[in-house]
Amino acid sequence: MRIARFSIDGNVAFGVVEGDKPDELVLDIIKGIPFADFELSGTKVPLSKVRLLPPVLPNKVVAFGRNYAEHARELGNEVPDAPFAFFKPSTSVIGPGDDIQYPSFSEELHHEAELAVVIGRMCREVPRDRVKDVIFGFTCANDITARDVQRREKQWARAKGFDTSCPLGPWVETGLDLGRASDLTVQLTVNGEQRQLGRTSEMIHSIEDLIVNISEAMTLLPGDVILTGTPAGVGPLNVGDEVAVTIEGIGTLTNKVVKRG
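Cut-offs and rules
Residues numbered from 1 in each chain as written. Predicted model: local features only at pLDDT ≥ 70, side-chain atom pairs only at ≥ 80, totals over all residues. Heavy atoms only, no water. Pairing = 2+ DSSP bridges. Helix = DSSP H or I, 4+ residues; strand = E, 2+ residues; numbered from the N terminus. Axes fitted to C-alpha atoms, helices over the stretch in contact; angles between N-to-C directions. Polar contact = N/O pair within 3.5 Å; in protein donor to acceptor, adjacent residues only side chain to side chain. Contact = heavy atoms within 4.5 Å. Salt bridge = Lys/Arg side-chain N within 4 Å of Asp/Glu carboxyl O. Buried < 20%, exposed > 50% of the residue type's maximum accessible area, 1.4 Å probe, protein only.

A. Representation of the sheet that holds strand E20 (residues 251-259). Overall, mixed pairing links the five strands, which are arranged E9-E20-E19-E15-E16 in an open sheet. Of all the strands in the sheet, just strand E9 (99-102) and strand E16 (193-199) have a single pairing partner and so form its edges. Shown here is a sheet whose adjacent strand axes are inclined to one another by a mean of 20°, direction ignored. Where strand E19 (residues 242-247) meets E20, six bridges bridge the pair, whose relative direction is antiparallel. In the sheet register, Ala-244 faces E20, and the bridge partner there is Thr-254.

As structure tokens, this is what we get:
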């Protein structure tokens, strides 16, 4: 099931995306919120008539760095022995079609395509065999990074946490089990040219590893997002570029880079 969050006529709602052909997709509006048992209203609107929003509004985005060996090496970093976490604030989140604003304090903006895990229930100290029970679904993410700032400041709060640095979408796919999600193609293009291509099976630390690791330290809430790392091929973005993250079985997240006004 593909669950989207959208606005229409000034109202915000969740809906189930139905259909296979891109120009024929419709949304069946959900009564209430999707993190508990819900009913479909039967009221359907064409996807083309709504504005897609970030599929969730996370309390926190927990991201894991250097979780693909080739990516760690391409930036001259050691492969970490344990999961390596950092945060992106909720204010960094944007949705499909929203603009990535090139920050005024950076001259080297990079893309990073990632599989994102959406948490479906409040949880803490999740045992490995229960990880599947706390996952709501999966979506596409782009961990936009001010690389020069990351190098210069050593810690990553500004480099990875600035406004618009966390595109998510286009929707949450709830129909993938952990086995399937652990071997998906992750691809990124800039202006139609392929820059990144990898598989989630290349992760050093699995989805289970990451959720066990972070839930040992803190409570995860419904709608929280876990970014699982990026494959090799990260590189520069410029004003005017259109960047698209496509993940097998989920969809495509597209955003344009603009000058911060």
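Moving on, there is more to tell.
B. Spatial organisation of the side chain of Ser-215. Mapped onto the secondary structure, Ser-215 falls in helix H6 (residues 207-215). Within the structure, the side chain of Ser-215 is placed 3.0 Å from the backbone nitrogen of Val-126, a separation counted as a polar contact. At 2.8 Å, the side chain of Ser-215 forms a polar contact with the backbone oxygen of Ile-211. Excluding residues that lie within four positions of it along the chain, Ser-215 makes contacts with Arg-124, Glu-125, Val-126 and Leu-220.

C. Quick look at the environment of Phe-84. Checked against the element boundaries, Phe-84 lands in strand E7 (residues 84-88). Apart from the residues lying within four places of it in its own chain, the contact partners of Phe-84 are Ala-63, Phe-64, Gly-65, Arg-66 and Trp-156.

D. The arrangement of the pattern of salt bridges in detail. Under the defined criterion, the tally for this structure stands at 15 salt bridges. Residue Asp-209 pairs with Arg-128 through a salt bridge whose shortest N-O separation is 2.6 Å. Remark: Arg-128 occurs in the loop between strand E11 (113-119) and helix H2 (131-134) and Asp-209 occurs in helix H6; sequence separation between them is 81 residues. The class for Asp-209 is partly exposed, based on a relative accessible area of 22%. For Arg-128, a relative accessible area of 46% puts it in the partly exposed group. For Arg-199, the salt bridge is made with Asp-183, and the minimal N-O distance between the two is 2.8 Å. Placement of the pair is Arg-199 in strand E16 and Asp-183 in the loop between helix H5 (178-181) and strand E15 (185-190), with a sequence separation of 16 residues.

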